[in-house]
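# Breakdown of the fold
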Amino acid sequence: MYSVRIERKVQKKLSKISEPNYTKLKASILDLSKNPRPHGYRKLKDRNSYRIRFGDYRVIYEIHDFILLVDVIDLGHRKDIYG
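Keep in mind that this is a model prediction, so the values were computed, not measured.

### As for the packing of aromatic side chains
Considering all chains together, one arrives at two aromatic pairs under this definition. On the numbers, 5.6 Å between centres and 45 degrees between planes, the contact of Tyr41 with Tyr50 is tilted. Taking relative accessible area as the criterion, Tyr41 reaches 26% and is therefore assigned partly exposed. Residue Tyr50 is classed as buried on the basis of its relative accessible area of 13%. Taken together through their ring pairs, the aromatic side chains of Tyr41, Tyr50 and Tyr61 make up a single cluster. Lys43 extends its terminal NZ or CZ atom over the ring of Tyr50, reaching a point 5.9 Å from the ring centre.

### Here's the deal with the environment of Lys24
Position of Lys24 relative to the elements: it lies in helix H2 (residues 21–31). Overall, Lys24 belongs to the partly exposed group, its relative accessible area being 48%. With 55 residues separating them in the primary sequence, Lys24 and Lys79 have C-alpha atoms 20 Å apart.

### Re the nonpolar core
Of all hydrophobic cores here, the largest spans 16 residues; its most connected members are Leu25, Val59, Tyr61, Val72 and Leu75. If you tally residues by element for this core, the top one is strand S4 (residues 57–64), at four residues.

### What about the sheet that holds strand S1 (residues 3–6)?
Read across the sheet, five strands follow the order S1-S5-S4-S3-S2 without closing on themselves; strand pairing throughout is mixed. At either end of the open sheet lies a strand with only one pairing partner, and these are S1 and strand S2 (42–43). Together, S1, strand S3 (50–54), S4 and strand S5 (69–77) form the strand contacts of H2, whose direction differs from that of S3 by roughly 150 degrees.

### A look at the environment of Ser18
With respect to the helices and strands, Ser18 occurs in the loop between helix H1 (8–15) and H2. Placed 24 residues apart in sequence, Ser18 and Arg42 show a C-alpha to C-alpha distance of 25 Å.

### Quick word on the confidence of the model for the protein
Should pLDDT be low for a region, the predicted coordinates there are not to be read in detail. On average, the protein scores 92 in pLDDT, and the residues at 70 or more come to 98%. Mean pLDDT across the secondary structure elements of the protein bottoms out at H2, with 92, and peaks at S1, with 95.

Procedures and definitions
- Residues numbered from 1 in each chain as written.
- Predicted model: local features only at pLDDT ≥ 70, side-chain atom pairs only at ≥ 80, totals over all residues.
- Heavy atoms only, no water.
- Phe/Tyr/Trp six-rings, centres within 6.5 Å; stacked < 30°, edge-to-face > 60°.
- Buried < 20%, exposed > 50% of the residue type's maximum accessible area, 1.4 Å probe, protein only.
- Lys NZ or Arg CZ within 6 Å of the ring centre and 35° of its normal.
- Helix = DSSP H or I, 4+ residues; strand = E, 2+ residues; numbered from the N terminus.
- Core = buried A, V, L, I, M, F, W, Y, C linked by side-chain atoms within 4.5 Å.
- Pairing = 2+ DSSP bridges.
- Contact = heavy atoms within 4.5 Å.
- Axes fitted to C-alpha atoms, helices over the stretch in contact; angles between N-to-C directions.
- pLDDT = per-residue confidence, 0-100.

Below is the structure:
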């Protein structure tokens, strides 16, 4: 079982998302502790990061297998996240 660490800026962005997306997105992030490589995840080019999709939102995170940690580093709408 992995630990999930959510950076402060991601927590702030998450708090601004309205229901029902907030609850489902938070659940998706916490599910990374059970499976950090869920169906549909992608490795990002030129970065040591991964992303999962949830509707129009993207969660970007890093996996540290040697210490069993998932570090959520960014969250945002698909039109804004990669810029």
